[in-house]
Amino acid sequence: MYRKGQGVPQDDKTAVKWYTLAAEQGHASAQYNLGFMYVEGEGVIQDYKTAVKWYTLAAEQGYASAQYNLGFMYRKGQGVPQDCKSACKNDPLTGVIGVQN
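All values derive from a computational prediction rather than experimental measurement. Residue positions are counted from 1 within each chain, in the order its sequence is given. Where totals are concerned, whole chains, interfaces and linings use all residues; where local detail is concerned, this predicted model gives features only for residues with pLDDT of at least 70, and gives and counts side-chain atom pairs only at 80 or more. In computing side-chain properties, one takes all heavy atoms of the structure into account and sets aside hydrogens as well as water.

A. Quick peek at the environment of Ala22. Only runs of H or I of at least four residues qualify as helices and only runs of E of at least two qualify as strands under DSSP, and these elements are numbered from the N terminus. Its place among the elements puts Ala22 in helix H1 (residues 12-24). Dropping the residues within four chain positions of it, Ala22 is found in contact with His27 and Ala30. In what follows, residue pairs with any heavy atoms lying within 4.5 Å of each other are defined as contacts.

Laid out in structure tokens, this is it:
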């Protein structure tokens with residue numbers, strides 16, 4: 001709600017606060033959204049390593065968008081050492097469709 005300003009004033013910092021509370025309780029969608037905000041630097045200082053942490057937790061629960069974004073981060077070496085094997089492990093489509101650098 002706060003991230004997009006749905007029914008409340010748009011406020012990225014408040015969105016991060018609520019996503020963090022939910023993510024720490026294991027909610028995959030909150031973990032994914034928090035990872036995205038760290039990638040984009042929305043409401044927080046951009047931090048790829050922290051994004052990888054949240055994407056990983058969501059991906060381990062089968063959250064497909066997190067798996068894709070985590071694979072992309074391994075492919076590009078954002079927040080983790082560049083590793084095409086891990087990219088394909090986290091996002092099998094990366095290997096199938098041949099994502100370009």
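B. Spatial organisation of the environment of Ser65. Along the chain, Ser65 falls in helix H4 (residues 64-76). By relative accessible area, which is 36% here, Ser65 ends up partly exposed. The cut-offs for exposure are 20% and 50% of the maximum accessible area for each residue type, with area from a 1.4 Å probe on protein chains only; residues under the lower value are buried, those over the upper are exposed, and the others partly exposed.

C. Just H4, in detail. Helices are assigned an expected span. That span is 1.5 Å times one less than the residue count. In a regular helix each residue adds 1.5 Å, so 13 residues correspond to 18 Å; H4 covers 18 Å between its end C-alpha atoms and thus fits that length. Residues Ala66, Asn69, Leu70, Gly71, Met73, Tyr74 and Arg75 constitute the buried set of H4. Looking one or two residues beyond H4, the residue adopting positive phi is Gly77, at roughly 75 degrees.

D. Highlighting the confidence of the model for the protein. Here the protein averages 83 in pLDDT, and 75% of its residues register 70 or above. What pLDDT expresses is the predictor's confidence in each residue, scored from 0 to 100. Mean pLDDT in the protein bottoms out at helix H6 (residues 92-97), which sits at 47, and peaks at helix H2 (residues 28-40), which reaches 96.

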